[in-house]
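This is what each chain is made of:
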Amino acid sequence: MKIDFTKNSDGLVPAIIQDASTKNVLMLGYMNEEAYQKTMETKTVTFFSRTKNRLWTKGEESGNFLKLTNIQLDCDQDTLLVSVDPIGPTCHKGTDTCWGDKNVQAFGFISGLEDIIQNRKDQAEGKAPIEDGAKPSYVSSLFQKGINKVAQKVGEEAVEVVIEAKDNNDGLFLDESADLLFHYLILLQAKGFKLNDIVEVLKVRHNKS
């Protein structure tokens, strides 16, 4: 990579630190050419600290290192995207990120859907209010019927997916697949889990293979 360290008079370029697995942004630091070279050599992220006025390896005091997995250079050749495997919290205040967010895997729309399912589960258990005059939602009613009913629905939807997989109607196959995924997310929460728990199991299996 031809990093342009000359654009700023101090010879520093921004280094955006991103978790390689969750894709969450953890912090922002700065590197000069020496910090970049040390990062590449040690595979542990090193910055140039503007307050200490020296090279600074993240975690040199706390032990919360950032293990390097990849570095990308932007189109202007003056900003780095650094993918890492963080060891412990990243922020010096003890939080996962310097914005105070938890560094957990997010799945976009699916994560939002999980939040809605959680709310419906809370309503079914009397932990969240239902608007006056409103009937319990389909999901709340399903939770109220218990784990056997939830599991039964997953089985029914799985059979429908298999049936449509043998046909040539892609629309029906996708519809039934969406129904299966939706009810599987409900089953996970009925058992006290979410999609992230399944992802962690898959990660362990992958690392063992």
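Everything numeric here is computed off the predicted structure, so don't read it as measured data.

Analysis parameters
- Residues numbered from 1 in each chain as written.
- Predicted model: local features only at pLDDT ≥ 70, side-chain atom pairs only at ≥ 80, totals over all residues.
- Heavy atoms only, no water.
- Helix = DSSP H or I, 4+ residues; strand = E, 2+ residues; numbered from the N terminus.
- Expected span 1.5 Å × (residues − 1).
- Buried < 20%, exposed > 50% of the residue type's maximum accessible area, 1.4 Å probe, protein only.
- Arc of directions from axis to C-beta.
- Contact = heavy atoms within 4.5 Å.
- Pairing = 2+ DSSP bridges.
- Axes fitted to C-alpha atoms, helices over the stretch in contact; angles between N-to-C directions.
- Salt bridge = Lys/Arg side-chain N within 4 Å of Asp/Glu carboxyl O.
- UniProt positions renumbered as here; feature names shortened; annotations may be inferred.
- 1 Å grid on protein atoms, 1.4 Å probe; cavity = no way out; pocket = protein on both sides within 12 Å on 5 of 7 lines; lining within 4 Å.
- Points joined across faces, edges and corners; volume = space filled by probe spheres on them.
- Nonpolar A, V, L, I, M, F, W, Y, C, P; charged D, E, K, R; others polar.
- Parallel < 35°, antiparallel > 145°, perpendicular 65-115°, else oblique.
- Left-handed = near helix turned anticlockwise from the far one by under 90°.

Peer 1: Any chance you could explain helix α4 (residues 147–165) here in plain terms?
Peer 2: Three or four residues apart is the spacing at which side chains of an α-helix point the same way, because the helix has 3.6 residues per turn. Between the first and last C-alpha of α4 there are 27 Å, a value that for 19 residues agrees with the 27 Å anticipated at 1.5 Å per step. Restricting attention to buried positions, one finds in α4 the residues Val150, Lys153, Val154, Glu157, Val161 and Glu164. Down the axis, α4 shows its buried residues gathered within 100° of arc, on one side only. Close packing links the buried residues of α4 with α3 (138–145) and α5 (170–190).

Peer 1: Sorry if this is basic, but what is going on with the environment of Gly11 here?
Peer 2: Mapped onto the elements of the fold, Gly11 is located in the segment before β1 (13–19). As a C-alpha pair, Gly11 and Asn32 span 21 residues in sequence and 5.7 Å in three-dimensional space. Look past the residues within four positions of Gly11 in its chain and what remains in contact with it is Phe5, Met31 and Asn32.

Peer 1: Sorry, what's going on with the pairing of strand β2 (residues 25–31) here?
Peer 2: Note on strand geometry: in a regular strand, side chains alternate between the two faces of the sheet. Pairing of β1 with β2, which is carried by six bridges, proceeds in the antiparallel orientation. Note that in β2 the partner of Ile17 across the bridge is Met27.

Peer 1: Looking at this structure, I do not really get the sheet that holds β2. What am I missing?
Peer 2: Adjacent strands of a sheet pair through backbone hydrogen bonds, lying either parallel or antiparallel. The mixed open sheet is built from four strands, whose spatial order is β2-β1-β6-β5. Each having just a single partner strand, β2 and β5 (66–73) make up the two edges of the open sheet. Here the average twist between neighbouring strands, direction ignored, is 30°. One ladder, built from five bridges, connects β1 with strand β6 (residues 80–86); its direction is parallel. Among the inter-strand pairings, Ile16 is bridged to a residue of β6, identified as Leu81. Taken strand by strand, helix α1 (residues 33–42) contacts β2, β5 and β6, and its axis lies near 120° from that of β5.

Peer 1: Would you explain the pattern of salt bridges in this entry?
Peer 2: Side-chain pairing between opposite charges can occur once the charged atoms of the two side chains come close. A complete count under the given rule lists seven salt bridges for this structure. Across the pair Lys7 and Asp78 runs a salt bridge whose closest N-O atoms are separated by 3.5 Å. Placement of the pair is Lys7 in the segment before β1 and Asp78 in the loop between β5 and β6, with a sequence separation of 71 residues. Across the pair Lys127 and Glu125 runs a salt bridge, and its minimum N-O distance is 3.2 Å. Its relative accessible area of 40% is what places Glu125 among the partly exposed residues. Through salt bridges with shared partners, a single ionic network connects Lys121, Glu125 and Lys127.

Peer 1: Is there a simple way to explain the UniProt feature "domain: Phosphoribosyl-AMP cyclohydrolase" (unreviewed entry) in the protein in this structure?
Peer 2: Look at the UniProt record and you will see "domain: Phosphoribosyl-AMP cyclohydrolase" (unreviewed entry) annotated at residues 27–99. From the first C-alpha to the last, residues 27–99 spans 8 Å; its make-up is 14% helix and 38% strand.

Peer 1: I tried to follow the layout of surface pockets on my own but got confused; where do I start?
Peer 2: The calculated volume of the largest pocket comes to roughly 280 Å³. Forming the walls of the largest pocket are Met27, Leu28, Gly29, Tyr30, Phe47, Phe48, Ser49, Arg50, Thr51, Lys52 and Trp56. Taken together, the elements giving at least two residues each to the lining of the largest pocket come down to β2 and β3 (46–49). With four residues, β2 is the single largest residue contributor to the lining of the largest pocket. Of the residues that constitute the lining of the largest pocket, the class distribution is six nonpolar, three polar and two charged.

Peer 1: Looking at this model, I keep getting lost on the packing of helix α2 (residues 109–124) against α3. Mind explaining?
Peer 2: Any two packed helices are characterised by the angle at which their axes cross and by the distance between the axes. Look at α2 against α3: their axes get within 8 Å of each other, and the N-to-C directions meet at 55°. Taken together, α2 and α3 sit at an angle that is classed as oblique. Here α2 and α3 pass one another in a crossing that is right-handed. Together, Ile117, Arg120, Lys121, Gln123 and Ala124 of α2 and Val139, Ser140, Phe143 and Gln144 of α3 make up the contact between the two elements.

Peer 1: Would you mind showing me how to read α3 here?
Peer 2: Among all positions in α3, only Val139, Ser140, Leu142 and Phe143 are buried. The buried residues of α3 all sit within an arc of 160° when viewed along its axis, so they share a single face. Buried-residue contacts for α3 involve α2, α4 and α5.

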